[in-house]
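These are the residues of each chain, in order.
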Amino acid sequence: MEAPAAEPVLSAEALRGRLLRGLEAEHVEVEDTTPARCSTSFKVLVVSARFRGKSLLQRHRLVNELLAEELKHIHAFEQRTLTPEQWEKERGSLQ
């Protein structure tokens, strides 16, 4: 009899690392938005060159596919996906 598969570690840092590695991201921000910080609701910003030439839906699918196992245990997930150029433009307008 096989042991049940272990649930993925759900934390802002674990998700951040997975997104950085899996999408070769230059910048990732992950915020646990669960009121008690119990890791069931997250808001993420991902900046990756892999998003170039992709629609918003395609970008979100890349993130969702990468985090498929984690998303089974997350109740709310908000994401912003930007190319490096969009990120630079956005940051420049804030300065």
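Our structure's up above, just so we're on the same page.
What counts and what doesn't
- Every chain's residues receive numbers from 1 upward, in the order its sequence appears when written.
- For this predicted model, a pLDDT threshold of at least 70 governs which residues receive local features, and a threshold of 80 or more governs which side-chain atom pairs are given and counted, while totals over whole chains, interfaces and linings are taken from all residues.
- Side-chain measures were taken over the full set of non-hydrogen atoms in the model, leaving aside hydrogen atoms and water.
- Where helices and strands are cited, they refer to DSSP runs of H or I of at least four residues and of E of at least two residues respectively, numbered from the N terminus.
- Think of it in three bands: residues with accessible area under 20% of the maximum for their type are buried, residues over 50% are exposed, and the middle band is partly exposed, with areas taken using a 1.4 Å probe on protein chains only.
- Polar contacts, as counted here, are pairs of nitrogen or oxygen atoms within 3.5 Å of one another; within protein the pair requires one atom able to donate a hydrogen and one able to accept it, and residues that are adjacent in sequence qualify only if both atoms are side-chain atoms.
- Residue contacts are counted whenever heavy atoms from the two residues lie within 4.5 Å of one another.
- Salt bridge criterion: a side-chain nitrogen from Lys or Arg within 4 Å of a carboxyl oxygen from Asp or Glu.
- In this description, a nonpolar core means a group of buried Ala, Val, Leu, Ile, Met, Phe, Trp, Tyr and Cys residues linked to one another through side-chain atoms lying within 4.5 Å.

So, on to the side chain of Ser39. Secondary-structure assignment places Ser39 in the loop between strand 1 (27-32) and strand 2 (41-47). The buried category is assigned to Ser39, whose relative accessible area is 14%. A polar atom in the side chain of Ser39 sits 3.1 Å from the backbone oxygen of Leu10. In contact with Ser39, other than residues within four places in its own chain, are Leu10, Ser11, Asp32 and Thr34.

Moving on, we come to the pattern of salt bridges. Pairs can form between side chains of opposite charge once their charged atoms are near each other. Taken as a whole, this structure holds four salt bridges when the rule is applied. Linking Arg18 and Glu70 is a salt bridge whose minimum nitrogen-to-oxygen distance equals 2.9 Å. Here the residue Arg18 occupies a position in helix 1 (residues 12-22), and Glu70 occupies one in helix 3 (residues 68-71), the gap between them amounting to 52 residues. Judged by relative accessible area, which is 7%, Glu70 ranks as buried. For the salt bridge of Glu85 with Arg52, the shortest nitrogen-to-oxygen distance reads 2.7 Å.

Counting through the fold element by element, Ser48 comes out in the loop between strand 2 and helix 2 (56-66). Setting aside chain neighbours within four positions, we find Ser48 in contact with Leu23, Glu24, Ala25, Leu82, Thr83 and Pro84.

Ranked by size, the top nonpolar core spans 16 residues in total, and within it Leu19, Leu23, Val30 and Val46 carry the most contacts. For Val46, the residues in contact, after removing those within four places along its chain, are Leu19, Leu23, Ala25, His27, Val28, Phe51, Arg80, Thr81 and Leu82.

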